[in-house]
Amino acid sequence: RNNMYLRKIFFISFILIIFSLDSFAVNKNLKQIIMEDESLSSGNVGFISLDSKKYIVSVGVGYIKGKGKKAVLKARKVARANAERGLNEFINGVESQVLEEFKSKITTKTVTKDGEVIEETEEETEEYFEYIREKGVGLISGAETAGKWKSEDKTEYYYALSIEMK
């Protein structure tokens, strides 16, 4: 009886592994296509067709600051969040507010001696500020990891998410 139970578990595990490998192979091909697409692989959102299926793909970038696993994990987390945000903005839209501020200041310096102007200088400074606030609302479901990789110089971590279009 125990032997039959173990055989069932083994069989079900085997089937699950086979399906996982098949899914992994598709994602591996998807990852290769993404990495070869210059626009997508640099951290954008776009469409990819593979095996008569269409995918919305978002690639997020995280910068690896420092050495070690902790720096890589932090960059991976940031890259995934950026990929999720890209998908959300693409699918649900985003609301942006931009506030621009411009300051100009002229300072005049006059040096006098006995009531006569000896030297006069004028200095002009300008400052420009731009404040951007974005607000996005939405939930992304069905997104799968299409691939993860590092840049050649190991300073950037890329995380690609995909959603199959039905």
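So, a few notes on the structure that sits alongside this text. What you are looking at is a predicted structure, and each value in this text was computed from that prediction instead of being measured.

Reading guide: rules and limits
Residues numbered from 1 in each chain as written. Predicted model: local features only at pLDDT ≥ 70, side-chain atom pairs only at ≥ 80, totals over all residues. Heavy atoms only, no water. Pairing = 2+ DSSP bridges. Helix = DSSP H or I, 4+ residues; strand = E, 2+ residues; numbered from the N terminus. Salt bridge = Lys/Arg side-chain N within 4 Å of Asp/Glu carboxyl O. Buried < 20%, exposed > 50% of the residue type's maximum accessible area, 1.4 Å probe, protein only.

1. Focus: the pairing of strand E5 (residues 144–150)
Here is step 1: Pairing geometry for E5 and strand E6 (residues 156–165), over six bridges, is antiparallel. Of the residues in E6, the one forming a bridge with tryptophan 149 is tyrosine 158.
Here is step 2: In sequence, E5 turns back onto E6 through a hairpin of five residues, with lysine 154 there showing a positive phi of about 65°.

2. Re the pattern of salt bridges
Here is step 1: All chains considered together, the criterion is met by three salt bridges.
Here is step 2: In this structure, arginine 80 and glutamate 84 form a salt bridge, with 3.0 Å as the shortest nitrogen-oxygen distance. Of the two residues, arginine 80 and glutamate 84 are both situated in helix H3 (residues 69–92); the distance of four residues between them amounts to about one turn of the helix.
Here is step 3: Judged by relative accessible area, which is 31%, arginine 80 ranks as partly exposed.

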